[in-house]
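Structural overview
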Amino acid sequence: PGAQPRAPPQALEQQYSPSRWSPRLGSDVVIQAHLEATAAGTQRARAGAQTSLHVPYGDGDREKLDIYFPAEPAGAFPALVYIHGGYWQCLSKDESGFAAPPLVSQGVAVVAVGYDTAPKGHMDAMVLQVRRSLAFLVRRYSRIRGLYLCGHSAGAHLAAMVLATDWTEYGVVPDIKGAVLVSGVYDLEPILHTYVNDALNMSREVAQRNSPMLCIPPAVPASCEVLVAVAQHDSPEFRRQSQEYGQALRAAGWSVSLLDLAGVDHFDIIEKLSEESYVLTQVGEGLPSAL
């Protein structure tokens, strides 16, 4: 019953298997290379920055933050909050600091958020954890002025759900100045028909209430710039989702830019954040001047 999948299940499996669309490397190899690149980049970041690691924002094992501070913060500083991907079931904050070096050198703190991945984590709980992590950050670090969200893949979905938060029940309203949503999924319904839901075990109701496409808030008066980025070698479904979500935000009055990045796939589109010259890194480095 209900909405039919947009394509037969086999086609959806292919569309929602990002590793199958990379022209660089084979499916298994590209995922392994991604794990290695992000883990090594995070080790370099931890070695080279002033950090507070494993800061608990809740009682759960994974409810922790890694914070990479700017070298010499003069008073207040902006923070980029990074929410990792991994299809809501793998990766962790311990592979999520790779973007820190070029940003901390420009006076931007980087915060990597941990959350309970599936099967332990349920979709409702993950969304709640990421929201709570932001509320904690604002209460705990008064020197942070202006938050920027950055999420990759499943993390872009979680960042988009943060944009849809009703903060009244949290007792604090984070000053979210911008969001960089990279190769995300914004409508979870097609996922129900794929292997991805084996671990997530979402019902249609859970998928609907956690789909950013279905809970777009009216644009807040304080301007929040949203950048929706997608890779040339993302699948057609991923590309469609980014375009439709960006258009829906824009229709609701949000300030949105759509960025279609040539020559990258679902994985190196985010790995390159460790590089100074990369376009998304430069977006991040522009944050201090944007404040």
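The structure under discussion appears in the preceding block.
So, here is what we can say about the structure in this document. Since the structure is predicted, the reported quantities are computational estimates derived from the model, not experimental observations.

1. What about the overall build of the protein chain?
Counting its regular elements, the protein chain contains 11 helices and eight strands. The buried share of the protein chain, taken over its 291 residues, is 55%. Sequence-distant contacts, at least 24 apart, represent 77% of the contacts inside the protein chain between residues at least 6 apart. Carbon and sulfur atoms make up 52% of the accessible area of the protein chain, which amounts to about 12,000 Å² in all.

2. Notes on the pairing of strand S8 (residues 255-265)
As paired elements, strand S7 (residues 225-233) and S8 share eight bridges and run parallel to each other. For leucine 227, the partnering residue across the bridge sits in S8 and is serine 257. Once you follow S7 into helix H8 (residues 236-251) and on to S8, the crossover reads as right-handed.

3. Quick look at the sheet that holds strand S3 (residues 77-83)
In spatial order, the strands read S1-S2-S4-S3-S5-S6-S7-S8; together these eight strands make up an open sheet with mixed pairing. Every interior strand has two partners, whereas the edge strands, strand S1 (50-56) and S8, have only one. Adjacent strand axes in the sheet meet at a mean angle of 20 degrees, parallel and antiparallel pairs treated alike. Helix H5 (residues 154-163) contacts S3, strand S5 (144-152), strand S6 (176-182) and S7 of the sheet and is inclined by roughly 140 degrees relative to S5.

4. Some words on the packing of helix H4 (residues 123-140) against H5
Helix-helix packing: each pair is described by the crossing angle between the helix axes and the interaxial distance. Packing of H4 against H5 brings their axes to within 10 Å, and their N-to-C directions diverge by 65 degrees. Relative to H5, the crossing made by H4 is right-handed. Every residue of H5 that contacts H4 at Met123, Met126, Val127, Val130, Arg131 and Leu134 is listed here: His157, Leu158, Met161 and Val162.

5. As for the side chain of aspartate 268
As for its position among the elements, aspartate 268 is in helix H9 (residues 268-271). Assessed through its relative accessible area of 8%, aspartate 268 is described here as buried. One polar contact links aspartate 268 to arginine 24, side chain to side chain, over a distance of 3.5 Å.

6. Considering the packing of aromatic side chains
Counted by the stated rule, this structure contains eight aromatic pairs. Aromatic side chains tyrosine 87 and tyrosine 195 sit 6.4 Å apart centroid to centroid with 80 degrees between the ring planes, which places their arrangement in the edge-to-face category. Of this pair, tyrosine 87 sits in the loop between S3 and helix H3 (100-104) while tyrosine 195 sits in the loop between S6 and helix H6 (196-200); the two residues are 108 residues apart in sequence, bridging distant segments of the chain. With centroids separated by 4.4 Å and ring planes inclined at 10 degrees, the aromatic side chains of tyrosine 186 and tyrosine 245 adopt a geometry described as stacked. Pair noted here: tyrosine 186 is in the loop between S6 and H6 and tyrosine 245 is in helix H8, with a separation of 59 residues, a long-range link. Exposure remark for tyrosine 245: the relative accessible area of 2% places this residue in the buried category.

7. Describing the environment of glycine 155
When you line up the elements, glycine 155 lands in helix H5. For glycine 155, a relative accessible area of 0% puts it in the buried group. Remark: the alpha-carbon pair of glycine 155 and glycine 85, spanning 70 residues in sequence, is separated by 4.6 Å. Not counting chain neighbours up to four residues away, the residues in contact with glycine 155 comprise Ile83, His84 and Gly85.

8. Brief notes about the pattern of salt bridges
A complete count under the given rule lists 14 salt bridges for this structure. Among the ionic pairs, arginine 46 bridges to aspartate 94, the shortest N-O distance being 2.8 Å. Here the residue arginine 46 occupies a position in helix H2 (residues 27-48), and aspartate 94 occupies one in the loop between S3 and H3, the gap between them amounting to 48 residues. We note a salt bridge from arginine 239 to aspartate 260, for which the minimum N-O separation is 2.7 Å. With arginine 239 in helix H8 and aspartate 260 in strand S8, this residue pair connects regions lying 21 residues apart in the sequence. Of the residues examined, arginine 239 reaches a relative accessible area of 28% and is grouped as partly exposed. For aspartate 260, a relative accessible area of 46% puts it in the partly exposed group. Residues participating in the shared-partner salt-bridge network are Arg46, Asp66, Lys93 and Asp94.

9. A short note on the environment of isoleucine 144
For isoleucine 144, the position within the fold is in strand S5. As for isoleucine 144 and leucine 80, which are separated by 64 residues in sequence, their C-alpha atoms are 10.0 Å apart. The contact partners of isoleucine 144, leaving out residues within four places of it in the chain, are Phe77, Ala79 and Leu137.

Rules and cut-offs
- Residues numbered from 1 in each chain as written.
- Predicted model: local features only at pLDDT ≥ 70, side-chain atom pairs only at ≥ 80, totals over all residues.
- Heavy atoms only, no water.
- Helix = DSSP H or I, 4+ residues; strand = E, 2+ residues; numbered from the N terminus.
- Buried < 20%, exposed > 50% of the residue type's maximum accessible area, 1.4 Å probe, protein only.
- Contact = heavy atoms within 4.5 Å.
- Areas by Shrake-Rupley, 256 points an atom, 1.4 Å probe, with all protein chains shown as cover.
- Pairing = 2+ DSSP bridges.
- Right-handed = clockwise from strand over helix to strand, strands pointing away.
- Axes fitted to C-alpha atoms, helices over the stretch in contact; angles between N-to-C directions.
- Left-handed = near helix turned anticlockwise from the far one by under 90°.
- Polar contact = N/O pair within 3.5 Å; in protein donor to acceptor, adjacent residues only side chain to side chain.
- Phe/Tyr/Trp six-rings, centres within 6.5 Å; stacked < 30°, edge-to-face > 60°.
- Salt bridge = Lys/Arg side-chain N within 4 Å of Asp/Glu carboxyl O.

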